[in-house]
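# Observations on chain architecture
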Number of protein chains: 2
Amino acid sequence: MEKKIDILKEKLKLIRKYNHAIGIMYFDFETIVPVKAREEEADVLDYFSNELFKLSHNKEMDELVIDLYNHKEKLDDELDKKLVEYLYESYEKNKNITPEFDLKMSNIFSRSYNTWLEAKEKKDYKIFMPVFKDVIDISKQAIELRDNRLPNIYDEMLSDCEKGLIQEDLDPFFNELKEGLLELLSKIKASKHVIRDDFLSRNVPIYKQEAFSKYLLELNGYDFSKGVLSTTEHPFTSNVARNDARVTTHYYEDMFLSNIFSIIHEGGHAIFMQNERDIDHDHFINDHITNGMHESVSRFYENIVGRSKEYIHLIYPKLIETFEEFKDVSEEELYEAVNIVKPSLIRTEADEVTYGLHIIVRYEMEKLIVNNKISIEEIPHKWNELYKQYLGVDVPNDSEGVLQDVHWTSGFGYFPSYAIGNCYNAMYLNRLKNELNFEELILRGDFASINKWMKENVFVHANVLTPKEWIKELTGESLSPKAFLAYLNEKYSKIYRF
Amino acid sequence: MEKKIDILKEKLKLIRKYNHAIGIMYFDFETIVPVKAREEEADVLDYFSNELFKLSHNKEMDELVIDLYNHKEKLDDELDKKLVEYLYESYEKNKNITPEFDLKMSNIFSRSYNTWLEAKEKKDYKIFMPVFKDVIDISKQAIELRDNRLPNIYDEMLSDCEKGLIQEDLDPFFNELKEGLLELLSKIKASKHVIRDDFLSRNVPIYKQEAFSKYLLELNGYDFSKGVLSTTEHPFTSNVARNDARVTTHYYEDMFLSNIFSIIHEGGHAIFMQNERDIDHDHFINDHITNGMHESVSRFYENIVGRSKEYIHLIYPKLIETFEEFKDVSEEELYEAVNIVKPSLIRTEADEVTYGLHIIVRYEMEKLIVNNKISIEEIPHKWNELYKQYLGVDVPNDSEGVLQDVHWTSGFGYFPSYAIGNCYNAMYLNRLKNELNFEELILRGDFASINKWMKENVFVHANVLTPKEWIKELTGESLSPKAFLAYLNEKYSKIYRF
């Protein structure tokens, strides 16, 4: 078995080269490719992704993985065992997926992405609808091809994103969250406190925002020798290689806060990536962090740190120095403005309180879509209805409604991770505050200490534990929205004086 | 044969995908990869380049190419014939190169590039020397492996860059050029005319340079829907795909002209790329433009257009508007400053007159190196001696001397192309001026008309003619420095009043 694991690792080295190449191409595609070269580049990406699929799933590889899995107790190294388990899991999920099916799926996702861009620009869901149907169908087919799967397809999709968490867990979780958020929101709405927001749409040149973004990333502990900052349409972070965690952002001249919190959020993902254990890389089990774990960290930096009184105090002098446009804005006014609660249409611009409601709309929509409870034509109408119901807003067009997010161009199950992440981080925040003088460290800008704690506690076992095991190890408890709701209530009762 | 050509084209489609992928990765490597990810990315690049080599050169492919070549008269399409000839040529050059040899060569070039960076930073040729020896050896070995080759290795290298031009052609060419340049330079040195240059090192923020670079590229006719502008250490242009010609530059706060002429030069390469014929792409014979042809075009835009009185008049108002730093500089002062002649150490910063002398130093050095007329230890000494002799300058260290250019990290034969390009463009300039009102078009910023002429005359057959055929078709004459020397004498006698 020890010799076989070496054979396996040789194959994984090659697979890693393909992943690396595709990572570079994907990053290029999302950040820089000229408009008339998009289509050809997408073809190249699909081709190499399909080659990667063939390298990862073929008779020889499958037999090797099955053999190792059946004799894994003979492996001395615990992480080798973990690797074999992960590969077996992937084998189980993919064994009935042919390379042709995989390519067909990539092509549909590429086409749906391009069509979505067009539909969004033209604010017309009907343009997107036919290919959206293909996305729904092929995403479900891909699950149906699995031999050993959960009876409900959406459960399987959810578990692909956040292993072990299914509708049975998420329905009560989201109900409790929804109730708490709506209650808090009604208190905020009733508050007479007025927050100054006139300066939020002031024009700020992009080169100043660029300089400030670099300052923030360095301040928070992002290592530029192992990453870069680029621009894109929809910000993301990309783990291109072991020493290459790339952050992207989008600068708007008239929404400087959008970039600032995007940078802190994506920087959080990147700090997590830059601090994965070397042994996880050496054992080819890196990249097994779930979406919920990742979002917990990115939203920890974005909200718990980035929107705190202490962080605003820390960055205020540099902000005023960089943007003389805001000289008339006090530190307190800035703190309140980054925490304004206002039900709105767009998820990515939502505040901490209403954000969860945006997710709940998507969770409920995905349940309806994947469980065949809604026709494809009815989707925008239902979306708009839920926005009215939970957020009290009228959706003026599809671009600001059902077409706003990119996620559904390639499947379902991701959205809940954002809300789950918010709840994870509020849970481990309580432990962090017990062990460190958190506010004091932020005031001093001592991110070395904060990141060290995150590395030793939050990051350390993320590649080897399931989310349920991980949050239990970290906090002694199971996923619940309680800590998050308590955190919100404490923070916002002070801001809105109730 | 018609069926075989289709089989061939299917293979070339796949090869094009690999070229596209490698183009993206190479661009990433040169523009953005973080420092600690360089080595792993270089490995990935070498791996896929080697896979590309294996796809391009293998028994099946060789047999197909030989068969088609031996029956090419049966092909109906002239461009199909041309394709088969090109592939046969490539087969002849590579048939004895094993994939292992190819990979070894890539690895040496990657290593030499990294070592060169270090040596240049530390200003120490001795650091570079051992790997430079490997570069020399393997570059020569690669030529020696060819069955049908010119007896002299350096001739073969020269002909790889500028097909058909060898030392027998270049020795008299460079002698005439050298004589003409030295004579002109002595007249300029004797001139009492003083050109104002105090403003050239004024600090200019990079964001202003960025804005101005975009203005220049658009003005000159570069199409941003089929390309992008990025930054790099050593500017280059990259033909990533049919609709993807990428320009790079390097901004220096205290040398704003460096970026401006870099942009115009690289933009020239890109305009050439963006105007390759569709049928050349369709027949897989694009990318057969020689270095000399390409440099003729880039240096046409950089010098003949970019450093002309009319172009300076055209861009002066925008320049003053963008950079208020130069409000006290008149149009005439700017024109003279961009044309100051001053023998210097660095090729890429040289003026039009002394530039050729930098190339002649390199040509003479390459002859010595490849023809075994100098030991590896003596190279810097000889370099410094030639700089003293031709340019009259003392080389203070290796970074500003023999280590300044990247080219020798991966072989020999490219440098002459720059000087050849200067002479080609001066030759076709005469015809252009006969057929168009050139100065008037520049004054009006009518690059549509200039580029149309370039496309219909200079670009049109570049992929299907040898340089000798091409310049003959274009001008009725053979390569000579006469037109270039006449152009320089006319221009600089006016500037320096002699």
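Treat the numbers as computed from the prediction; the structure is a model and nothing was measured. (Residues numbered from 1 in each chain as written. Chains lettered and ligands numbered in written order. Predicted model: local features only at pLDDT ≥ 70, side-chain atom pairs only at ≥ 80, totals over all residues. Heavy atoms only, no water.)

## Remarks on the sheet that holds strand β1 (residues 229-231) of chain B
Residues and elements named next belong to chain B. Taken in spatial order, the three strands make up an open sheet running β1-β3-β2, and their pairing is mixed. The sheet terminates laterally at β1 and β2 (237-241), the two strands that pair on one side only. Taking the axes of each pair of neighbouring strands and ignoring which way they run, one obtains an average angle of 30° across the sheet. In this structure, β1 lies alongside strand β3 (residues 244-249), joined through three bridges in parallel fashion. Note on β3: the bridge partner recorded for Thr231 is Thr249. Taken strand by strand, helix α10 (residues 256-274) contacts β1, β2 and β3, and its axis lies near 170° from that of β3. (Pairing = 2+ DSSP bridges. Helix = DSSP H or I, 4+ residues; strand = E, 2+ residues; numbered from the N terminus. Axes fitted to C-alpha atoms, helices over the stretch in contact; angles between N-to-C directions. Contact = heavy atoms within 4.5 Å.)

## A word on the environment of B:Gln389
Within the secondary structure, B:Gln389 sits in helix α16 (residues 379-391). In the structure, B:Gln389 is positioned 324 residues away from B:Val65 in sequence and 49 Å away in space, judged by C-alpha atoms.

## Overview of helix α12 (residues 291-305) of chain B
Under the 1.5 Å per step criterion, the end-to-end length of α12(B) is 20 Å for 15 residues, consistent within 8% with the ideal 21 Å. The element α12(B) is largely enclosed, with a buried count of 15 among its 15 residues. (Expected span 1.5 Å × (residues − 1). Buried < 20%, exposed > 50% of the residue type's maximum accessible area, 1.4 Å probe, protein only.)

## Examining empty space enclosed by the protein
All names here are of chain A. By the definition in use, this model includes seven cavities of 30 Å³ or more. Space inside the largest cavity adds up to approximately 60 Å³. Together, Trp116, Phe128, Arg362, Trp383, Val402, Leu403, Asp405, Trp408 and Phe415 line the largest cavity. Here the residues of the lining of the largest cavity sort into seven nonpolar, no polar and two charged. (1 Å grid on protein atoms, 1.4 Å probe; cavity = no way out; pocket = protein on both sides within 12 Å on 5 of 7 lines; lining within 4 Å. Points joined across faces, edges and corners; volume = space filled by probe spheres on them. Nonpolar A, V, L, I, M, F, W, Y, C, P; charged D, E, K, R; others polar.)

## Description of the sheet that holds strand β3 (residues 244-249) of chain A
All names here are of chain A. Strand order in the open sheet made by the three strands is β1-β3-β2, with mixed pairing throughout. Here the strands that pair on one side only, and so sit at the sheet edges, are β1 (229-231) and β2 (237-241). Mean inter-strand twist for the sheet, computed between neighbouring axes without regard to direction, equals 30°.

## Regarding the domain arrangement of chain A
All names here are of chain A. Assigned domains of chain A: these are domain 1 (2-149) and domain 2 (167-495). The C-alpha centroid of domain 2 is placed 27 Å from the C-alpha centroid of domain 1. Listed per partner, the contact involves 34 residues of domain 1 and 44 residues of domain 2. Counting each side, the surface lost to burial between domain 1 and domain 2 is near 3,400 Å², with a carbon and sulfur contribution of 68%. Taken as a group, Phe27, Leu79 and Tyr125 account for 21% of the area that domain 1 buries against domain 2, more than any other trio of residues on that side. Run the count over domain 1 and domain 2 and you get zero salt bridges. Along the contact surface separating domain 1 from domain 2 lie 15 residue pairs in polar contact (both at pLDDT 80 or more). Within the residue set of the side of domain 1 that touches domain 2, elements represented by two or more residues are α1 (2-31), α4 (78-94), α5 (99-121) and α6 (125-144). (Domains from an automatic or database assignment. Buried area = accessible area lost by both parts, 1.4 Å probe. Salt bridge = Lys/Arg side-chain N within 4 Å of Asp/Glu carboxyl O. Polar contact = N/O pair within 3.5 Å; in protein donor to acceptor, adjacent residues only side chain to side chain.)

## Quick look at the pairing of β3(B)
All names here are of chain B. Counted residue by residue, β3 has six buried out of six residues, so it is predominantly covered. Side chains of β3 alternate between two faces, with Asp244, Arg246 and Thr248 and Ala245, Val247 and Thr249 buried alike. Sheet analysis places β2 next to β3, joined by four bridges and oriented antiparallel. Each bridged residue has a counterpart across the sheet, and for Thr237 the counterpart in β3 is Val247. Count of turn residues in the β2/β3 antiparallel hairpin: two residues.

## Re the packing of helix α17 (residues 416-435) of chain A against helix α20 (residues 467-475) of chain A
Think of two packed helices as two axes; the pair is described by the angle between the axes and how far apart they sit. Residue and element names in this part refer to chain A. Remark: α17 packs on α20, axes separated minimally by 9 Å, with the N-to-C direction vectors making an angle of 25°. Viewed along their axes, α17 and α20 adopt a mutual orientation that is roughly parallel. Facing α17, whose interface residues are Tyr424, Met427, Tyr428 and Arg431, α20 presents Pro467, Trp470, Ile471, Glu473, Leu474 and Thr475. Classifying every residue of the contact of α17 with α20 by side-chain character gives seven nonpolar, one polar and two charged. (Parallel < 35°, antiparallel > 145°, perpendicular 65-115°, else oblique.)

## Some points on the interface of chain A and chain B
Listed per partner, the contact involves 35 residues of chain A and 35 residues of chain B. Carbon and sulfur atoms supply 67% of the area that chain A and chain B bury against each other, a total of about 2,900 Å² over both sides. Across the chain A-chain B interface, the total number found is four salt bridges. One salt bridge connects A:Asp28 with B:Arg246, and the closest N-O pair in it is separated by 2.8 Å. The tally of links from chain A across to chain B stands at seven residue pairs in polar contact (both at pLDDT 80 or more).

## Some thoughts on the packing of α17(A) against helix α19 (residues 447-459) of chain A
Residue and element names in this part refer to chain A. It is the contact of α17 with α19, at a shortest axis distance of 12 Å, that shows an interaxial angle of 135°. When the axes of α17 and α19 are compared, the pair comes out oblique. Crossing angle aside, the handedness with which α17 passes α19 is right-handed. For the pair α17 and α19, the contacting residues are Tyr428, Arg431, Leu432 and Glu435 in the first and Trp453, Met454, Asn457 and Val458 in the second. Here the contact of α17 with α19 is built from residues that sort into five nonpolar, one polar and two charged. (Left-handed = near helix turned anticlockwise from the far one by under 90°.)

## Regarding helix α13 (residues 309-322) of chain B
All names here are of chain B. With 14 residues, α13 should reach 20 Å at 1.5 Å per residue; the first-to-last C-alpha distance of 20 Å fits that figure. Those residues of α13 that fall on the buried side of the exposure criterion are Glu310, Tyr311, Ile312, Leu314, Ile315, Tyr316, Leu319, Ile320 and Thr322. Contact partners of the buried residues in α13: α9 (206-220), α10, α12, α14 (331-337), α18 (438-444) and α19 (447-459).

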